[in-house]
Amino acid sequence: MAAPAPQPAPRRWNRDDWLRGYTSLTEEHDEWLSAISGELPPELRGTLYRNGPGLLERGGQPVQHPFDGDGMVCAFDFTGDGRVRFRNRYVRTAGFVAEEKAGRFLQRGVFGTQKPGGWLANAFDLRPKNIANTNLAYSPGKLLALWEGGKPYALDPQTLETIGEDDLAGALAGNANFAAHPRYDRRTGRMVNFGIQPGLSSTITLYELGADFTVLSQHRWETPGFAFIHDFALTDDYAIFFQNPVTVNPFPYWFGFRGAAECLIFQSDRPTRVLVLPRNGGRMRVYETDACFVFHHVNAHLTGDRLTVDAIAYETFPALKPGTTYRNVEIETIAASQLFRFTVNLTTGETHRERLMERAVEFPSLHPARVGLPYRWAFMAMADAPTGNAPLQGVLAYDVQTGAAQTYSFAPKGYVGEPVFVPKPGATEENSGYLLQMVFDAERGASDVAVFDAQQVARGPVARVHLPVTVPYGLHGIFVPATTP
Ligand code: CO
């Protein structure tokens, strides 16, 4: 008798609950929060800054994709005395200010949000709005709100007031873009980031910056084809980029029917190109691996001539079909994001890829002192079910050396974002620290900040800070310890 087919795990999420986490937060707050479950660790002192789309409609018109929402920065000050100060402010980008005044969308979004007025109003308008909504970088006296399709916006880290678009003292003059995924050299503290000028042939510029955002070096390479690259991996000598096998059909975008990201065509018969760029500006080396789509890398290291890159990859570009929006998409039909290990022999060019885990995961983080080195712990947001695609509802600590994982799920009522790893002061173990993760609690109809002990993830959060409002699902954030000037 044949064994019964394995049953898929029961679905522990609900579309209406999940979508309620995409509620615009229109007011700006500054208040002390004392509604806290559990106990905040007294040694956790500093500010969690988070960025993400705060406004998801304008003048009654919803955004086509949440990635098109105007950037709103949240700051959570952990003071060590059991309270948290919460502030949120919109980045006053030129587009945000103009649209606030007009009460409607004036510029197109990269992910398909069109100006009102149909295709005629959108045709040949190729200047998407800089929404500064993706990530943050900190320097004493200056916080940068990052968005990969333009220049950063500088904010005051204390008040979150917008200072203005920042070209890094001229280093980003002209139409240079600055990506939203800086990495930090653990030896020098240097921030390394990049900018892409996509086209039929694309340009990658690599920037290395000092602690005050002074650009210390920049190097440029050309790569054939359209480059849609969101993140990179850093080793002591190299910056590693995955050029996803996509091409772009520009016509619907030019003619105003669709957003630029909606015109990407995934080419499953073409390889993903692994670009290995020497940080000192030397010759680019290119390797090929099977077609996949990568937004985020976990880490990379080089042992002899063997390069190891851990990344979260999709088997195909997770595109929305025409006529669908994030609100009516069948999420189970979109490719799941899974953790892969890629290895490249830099001498022979041989590449190999291995799926490390079946579960859908995103938003990886790790101990900052392990960037560019062999490491053990990757922390990620995860789907509740061990297989298939679903919204992110939990956190996972993955031991890349043994393949063991510790998980905690907020299902069925909790929906999460990126877990930010904060090392414990003075600790030596790689996973000795906290994970800070925002959770939309559909039961309460508001957001929490959950604090986990990274060594005891399965026990659940040691504390949950309850916000009086919903912060729409965000993208990336950083933690600035209180000892930082
Ligand atoms: Co990202």
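Procedures and definitions
- Residues numbered from 1 in each chain as written.
- Predicted model: local features only at pLDDT ≥ 70, side-chain atom pairs only at ≥ 80, totals over all residues.
- Heavy atoms only, no water.
- Salt bridge = Lys/Arg side-chain N within 4 Å of Asp/Glu carboxyl O.
- Buried < 20%, exposed > 50% of the residue type's maximum accessible area, 1.4 Å probe, protein only.
- Helix = DSSP H or I, 4+ residues; strand = E, 2+ residues; numbered from the N terminus.
- Contact = heavy atoms within 4.5 Å.
- 1 Å grid on protein atoms, 1.4 Å probe; cavity = no way out; pocket = protein on both sides within 12 Å on 5 of 7 lines; lining within 4 Å.
- Points joined across faces, edges and corners; volume = space filled by probe spheres on them.
- Nonpolar A, V, L, I, M, F, W, Y, C, P; charged D, E, K, R; others polar.
- Donors = N, O, S within 2.8 Å, 3.2 Å for Na, K, Ca; no water.
- Tetrahedral: all angles 85-135°; square planar, octahedral: opposite > 155°, others 65-115°.

Undergrad: Got a minute to help me understand the pattern of salt bridges in this structure?
TA: Here the structure, examined in full by the defined rule, presents 31 salt bridges. Among the ionic pairs, arginine 187 bridges to aspartate 185, the shortest N-O distance being 2.7 Å. Taking relative accessible area as the criterion, arginine 187 reaches 47% and is therefore assigned partly exposed. Residue lysine 424 pairs with aspartate 453 through a salt bridge whose shortest N-O separation is 3.8 Å. Residue lysine 424 is located in the loop between strand S30 (414-423) and strand S31 (433-441), and its partner aspartate 453 is located in strand S32 (residues 446-453); the two are separated by 29 residues in the primary sequence. Accessibility classification places lysine 424 together with aspartate 453 in one group, the buried group.

Undergrad: Is there a simple way to think about the side chain of threonine 308 in this case?
TA: Among the secondary structure elements, threonine 308 is positioned in strand S23 (residues 306-314). According to the relative accessible area criterion, threonine 308 is buried, its value standing at 6%. When near neighbours in sequence (up to four residues on either side) are disregarded, threonine 308 contacts Asn299, Ala300, His301, Arg341, Phe342 and Thr343.

Undergrad: How should I be thinking about the layout of surface pockets in this particular structure?
TA: Remark: the empty space left among the atoms is shown by a probe the size of a water molecule rolled over them. There is about 1,400 Å³ of room inside the second largest pocket. Together, 50 residues line the second largest pocket, and Tyr184, Pro368, Phe421, Ile478 and Phe479 are the ones closest to its centre. When contributions to the lining of the second largest pocket are tallied by element, the ones reaching two or more residues are strand S8 (135-139), strand S12 (183-184), strand S22 (293-303), strand S26 (361-365), S30 and strand S34 (477-481). For the lining of the second largest pocket, the element with the most residues is S30, which contributes six residues. Of the residues assigned to the lining of the second largest pocket, the class counts are 28 nonpolar, 14 polar and eight charged.

Undergrad: Quick question: what am I supposed to make of the coordination of the cobalt ion here?
TA: Expected angles at a metal are 109.5 degrees for tetrahedral coordination by four donors and either 90 or 180 degrees for octahedral coordination by six donors. Those donors, His181 (NE2), His230 (NE2), His296 (NE2) and His476 (NE2), are the protein atoms that reach the cobalt ion, and they lie 2.0 to 2.1 Å from it. Around the cobalt ion, the four donor atoms are arranged such that angles at the metal cover 93 to 154°; this shape is classified as irregular. For the cobalt ion, all donor residues lie on one chain, and their spacing in sequence is H-x48-H-x65-H-x179-H. Taken together, the residues histidine 230 in the loop between strand S15 (215-224) and strand S16 (233-234) and histidine 476 in the loop between strand S33 (463-466) and S34 connect sequence positions 246 residues apart. Assessed through its relative accessible area of 3%, histidine 476 is described here as buried.

Undergrad: Got a minute to help me understand unusual backbone geometry in this structure?
TA: For residues other than glycine, phi is negative in most cases, and the peptide bonds are mostly trans. Between alanine 411 and proline 412 the backbone carries a cis peptide bond, its omega angle lying at 5°. Among the secondary structure elements, proline 412 is positioned in the loop between strand S29 (405-409) and S30. Non-glycine residue alanine 169 carries a positive phi angle of around 55°. Mapped onto the elements, alanine 169 comes out in the loop between strand S11 (162-165) and S12. Classification of alanine 169 by relative accessible area gives exposed; the value is 85%. For phenylalanine 363, which is not a glycine, the phi torsion comes out positive at approximately 55°. When you line up the elements, phenylalanine 363 lands in strand S26. A residue is classified by how much of its surface remains accessible, and phenylalanine 363, at 12% relative accessible area, is buried.

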